[in-house]
Amino acid sequence: MRQNWLLIMILLSSLLPGLVIFSLAESRRGMRTCLNLFGAIAKMVLVLVMIVGITRGQRFEFHLAMLPGLDLVLRADPLSALFVTLSSILWLLTTIYAIAYLENSPNRSHFFGYFSLCVTVTIGIALAGNLLTFLFFFEMLTLCTYPLVVHRGTAEAMAAGRVYLIYTLGGGGLLFLGVVWLNSLVGSVDFSRGQQLAPFVRSHGLTLKIIFYLLLAGVGVKAALFPLHSWLPQAMVAPAPVSALLHAVAVVKAGAFGIIRIVLDVYGLETAAHLDLLFPLMVLATVTIIYGSIHALRQDNLKHRLAFSTVSQVSYIALGISIGSPLAIMGGMVHLVHQGLMKITLFFCAGNVAETLGVHEISRMNGVGRRLPLTMAAFTLAAMGMIGLPPMAGFVSKWYLGLGALARGEGWLIGVLVVSSLLNAFYFLPIIYAAWFKEEEGEWPVDSGKAGPLECHWMLIAPPVITAVVSLLVGLLANSNLSPLAWVRFIVRTGYGL
């Protein structure tokens, strides 16, 4: 039985509160908070209903005919459910964090309005049932996130916003060209057909290769693949909740999700391998992994170091898909969730350090752990996961990537994973050591004081502590039936027959 309207309700659960929030006066703090939390909780309930339905074999689809032969299609499959669930949970936590983080800031209705729109289009990307619908929401994401990037309104923020627009609109143009060209060649490209391009390989092999690289470049900008990544560190001028959203939920993850869709659902593994498309993607992902880590080492600004870390870590997803073995695909897909949990923790913590103590540079973080113990405990757990230490979530991702590489006969990638993990350790461990074991160097630039018995407002502490603990649990309990890894195993088995 098809459930058409549930998907629309999932979109509306954040869209409608966002539109109402735009009209609220700045002084309506209570109403704005209620609308934010109501929308986030309602979305999680609706997503839970959808997931239960998927496990029971129900189909969730919505079609809207735009033009003859061109439909906007929403469809819930196990892969889209993975991304929707991640986005919904992290949106709720980011909303709680942002309410406290922006408590005394101007233009909060403007901020939370765009915040809700951003999550709406991210969910639209996850639920897109064909390439046209994916393109629509992917371009909308650029328009909804730009006001968040330039929210502070400073000259630095406006300059970063211009760079962001140049990169993302340029990538959007390439994606548009690829989608139009592919539609003109084979008709509407649905995400549920698998090997739909196989009949065209013999007659249009070169054209399909060119289109693949156009599509890859289009989504690669948002995924921050080298050399299309330069916008990401500059966008760190945005408030911490925006940085967390860009890296863990929305823009970067949307790009990585697009790579998965293009390889597995548009081209299919067999067609992509037949056209020799997987090895260039593997090389590109490998270069990005090492490049991002090396540049992270050189950053003294904490958010910039985390940004280059994202450049590196998100490419594990592309690497897993490009290897193409079932285990490697599982490692790449599950990293979509694991990296999101760990990276949002790190950005929440960076925001706490900056807002509570006025510290932005790593070289000034000596002794931060004694002033902000819960924050730095969460940071330490997430950083351990990024390095790939067991039993953290990052270890599970790298373990499956390594097993998948060996199964495909790509043993050299083990060396890449080892080098990457060492670089991760080199740029995270000095922060942890300085925070816990070095003495403070005088007074902090700013100290907003403790909020009662806590180091700062509870709404700034709870989100990173929760995501850090969850990132530990999803690694420790990876073999349970309720873990992200179990759901990814379900995706690979039922969605792709691997």
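Structure first, text after, so check above.
What counts and what doesn't
- Residues numbered from 1 in each chain as written.
- Predicted model: local features only at pLDDT ≥ 70, side-chain atom pairs only at ≥ 80, totals over all residues.
- Heavy atoms only, no water.
- Helix = DSSP H or I, 4+ residues; strand = E, 2+ residues; numbered from the N terminus.
- Rg over C-alpha atoms; globule rule 2.2 N^0.38 Å.
- Buried < 20%, exposed > 50% of the residue type's maximum accessible area, 1.4 Å probe, protein only.
- Areas by Shrake-Rupley, 256 points an atom, 1.4 Å probe, with all protein chains shown as cover.
- Lys, Arg positive; Asp, Glu negative; His and termini not counted.
- Charge placed at Lys NZ, Arg CZ, Asp CG, Glu CD.
- Pairing = 2+ DSSP bridges.
- Salt bridge = Lys/Arg side-chain N within 4 Å of Asp/Glu carboxyl O.
- Expected span 1.5 Å × (residues − 1).
- Bend = angle between axes of the 7 residues up to and from the residue.
- 1 Å grid on protein atoms, 1.4 Å probe; cavity = no way out; pocket = protein on both sides within 12 Å on 5 of 7 lines; lining within 4 Å.
- Points joined across faces, edges and corners; volume = space filled by probe spheres on them.
- Nonpolar A, V, L, I, M, F, W, Y, C, P; charged D, E, K, R; others polar.
- Phe/Tyr/Trp six-rings, centres within 6.5 Å; stacked < 30°, edge-to-face > 60°.
- Patch = residues over 30% accessible without salt bridge, like charges linked within 9 Å, V, L, I, M, F, W, Y side chains within 5 Å.
- Axes fitted to C-alpha atoms, helices over the stretch in contact; angles between N-to-C directions.
- Left-handed = near helix turned anticlockwise from the far one by under 90°.
- Contact = heavy atoms within 4.5 Å.
- Core = buried A, V, L, I, M, F, W, Y, C linked by side-chain atoms within 4.5 Å.

Asker: Quick question: what am I supposed to make of the overall build of the protein here?
Answerer: Each helix and strand counted, the protein has 20 helices and two strands in total. Its C-alpha radius of gyration of 22 Å places the protein within 12% of the 23 Å reference for a compact globule of 498 residues. Projecting the C-alpha coordinates of the protein onto the three principal axes gives extents of approximately 70 × 55 × 45 Å. For the protein, buried positions account for 61% of its 498 residues. Accessible surface computed for the protein: about 18,200 Å², of which carbon and sulfur atoms make up 67%. Side-chain charges in the protein split into 30 positive and 21 negative, and the spacing between the mean points of these groups amounts to 6 Å.

Asker: When you look at the pairing of strand β1 (residues 60–67) in this model, what are you seeing that I'm missing?
Answerer: On a regular strand, one side chain projects to one face of the sheet and the next to the other, so that they alternate. The sheet contact formed by β1 and strand β2 (residues 70–76) spans seven bridges and is antiparallel. Following the sheet pairing, Ala65 is matched in β2 by Asp71.

Asker: Even after reading the chapter, I still don't get the pattern of salt bridges, so can you show me in this structure?
Answerer: Side chains carrying opposite charge are able to pair once their charged atoms draw close together. The full count for this structure, using the stated rule, is seven salt bridges. A salt bridge links Arg59 to Glu61; the shortest N-O distance between them is 2.3 Å. Across the salt bridge formed by Arg75 and Asp190, the nearest N and O atoms sit 3.0 Å from each other. Remark: Asp190 occurs in the loop between α6 (155–186) and α7 (201–222) and Arg75 occurs in strand β2; sequence separation between them is 115 residues. The two residues Arg75 and Asp190 agree in class, both being buried.

Asker: How should helix α14 (residues 326–357) be read in this particular structure?
Answerer: Structurally, the α-helix is built with 3.6 residues per turn, so residues lying three or four positions apart point the same way. The terminal C-alpha atoms of α14, which comprises 32 residues, lie 46 Å apart, in line with the 46 Å expected from a rise of 1.5 Å per residue. Of all the bends in α14, the largest measures some 35° and sits at His335. Taking burial as the measure, the 32 residues of α14 include 29 buried ones, the bulk of the element. One or two positions beyond α14, positive phi appears at Gly358, with a value near 70°.

Asker: Explanation requested: empty space enclosed by the protein in the structure shown.
Answerer: Rolled over the atoms, a probe sized like a water molecule indicates the empty space that remains. Counted according to the given criterion, the structure contains one cavity of 30 Å³ or more. The wall of the largest cavity is formed by Arg29, Arg32, Thr33, Ala98, Ile99, Leu102, Glu103, Arg108 and Phe112. Broken down by secondary-structure element, the contributors of at least two residues to the lining of the largest cavity are α2 (29–55), α3 (78–101) and α4 (108–127). Of the residues forming the lining of the largest cavity, the biggest block, three residues, is contributed by α2. For the lining of the largest cavity, the per-class residue count stands at four nonpolar, one polar and four charged.

Asker: Explanation requested: the packing of aromatic side chains in the structure shown.
Answerer: For any two aromatic rings, the description comes down to two numbers: the centre-to-centre distance and the angle of the planes. Applying the stated criterion across every chain, the model contains 20 aromatic pairs. Measuring from ring centre to ring centre gives 5.7 Å for Tyr97 and Tyr101, while their planes differ by 25°; the resulting arrangement is stacked. One end of the pair, Tyr97, and the other, Tyr101, are both in helix α3, four residues apart, so they sit about a helical turn from each other. For Tyr97, a relative accessible area of 0% corresponds to the buried category. Residue classification places Tyr101 among the buried residues on the basis of a relative accessible area of 10%.

Asker: Teacher, can you tell me more about unusual backbone geometry here?
Answerer: Residues other than glycine predominantly adopt negative phi, and peptide bonds predominantly adopt the trans conformation. The omega torsion of the bond from Phe226 to Pro227 falls at 5°, within 30 degrees of zero and hence cis. Note that the residue after Pro390, namely Pro391, is joined by a cis bond; omega there is 5°. Note that Pro391 resides in the loop between α16 (373–387) and α17 (393–407). For Asn107, which is not glycine, the phi dihedral falls at a positive 60°. Relative to the elements of secondary structure, Asn107 occurs in the loop between α3 and α4. Owing to a relative accessible area of 42%, Asn107 belongs among the partly exposed residues under this scheme. Even without a glycine there, the phi angle at Ala224 is positive, about 60°.

Asker: Is there a simple way to think about a nonpolar patch on the surface in this case?
Answerer: A contiguous nonpolar patch, built from Leu12, Leu16, Leu19 and Phe22 and spanning about 320 Å² of accessible area, is present on the exposed surface. Structurally, the position occupied by Leu19 is in helix α1 (residues 5–22). Residue Leu19 is classed as partly exposed on the basis of its relative accessible area, which comes to 44%.

Asker: In this structure, what is going on with the packing of helix α5 (residues 131–149) against α7? I would like to understand it.
Answerer: For any two helices packed against each other, one specifies the crossing angle of their axes together with the interaxial distance. Remark: α5 packs on α7, axes separated minimally by 12 Å, with the N-to-C direction vectors making an angle of 35°. Seen from above, α5 lies across α7 with left-handed handedness. Taking contact as the criterion, the partners of Leu131, Phe134, Phe138, Leu141 and Thr142 in α5 are, on α7, Leu215, Gly218, Val219 and Lys222. Partitioned by chemical class, the residues of the contact of α5 with α7 number six nonpolar, two polar and one charged.

Asker: Can you walk me through the layout of surface pockets in this structure?
Answerer: Of the pockets and cavities examined, the largest pocket occupies roughly 910 Å³. Mapped onto the lining of the largest pocket, the elements with two or more residues apiece are α2, α3, α14, α19 (458–476) and α20 (484–496). Counting residues per element, the lining of the largest pocket draws most heavily on α3, which supplies nine residues. Its residues assigned to classes, the lining of the largest pocket shows 24 nonpolar, seven polar and no charged. The calculated volume of the second largest pocket comes to roughly 550 Å³. Secondary structure elements with two or more residues in the lining of the second largest pocket: β1, β2, α3, α10 (251–267), α11 (269–274) and α20. For the lining of the second largest pocket, the leading source of residues is α20, giving four residues. Classifying every residue of the lining of the second largest pocket gives 11 nonpolar, eight polar and seven charged.

Asker: For this particular structure, what's the right way to read the nonpolar core?
Answerer: When a protein is soluble and globular, its nonpolar side chains tend to lie buried together. Residues Met50, Tyr267 and Phe428 are the most contacted members of the largest nonpolar core, which totals 178 residues. Among the elements that take part in this core, α14 stands out by supplying 17 residues, more than any other. Filtering out sequence-adjacent residues up to four positions away, Met50 remains in contact with Leu6, Leu7, Ile10, Phe60, Ala76, Ala81, Val84 and Leu127.

Asker: When you look at the environment of Leu245 in this model, what are you seeing that I'm missing?
Answerer: Along the chain, Leu245 falls in helix α9 (residues 240–248). The exposure class of Leu245 is buried, given its relative accessible area of 1%. Sequence separation of Leu245 and Cys118 is 127 residues, and the distance between their C-alpha atoms is 9.1 Å. For Leu245, the contacting residues outside a window of four places in its chain are Phe115, Cys118, Val119, Leu148, Ala250 and Val251.

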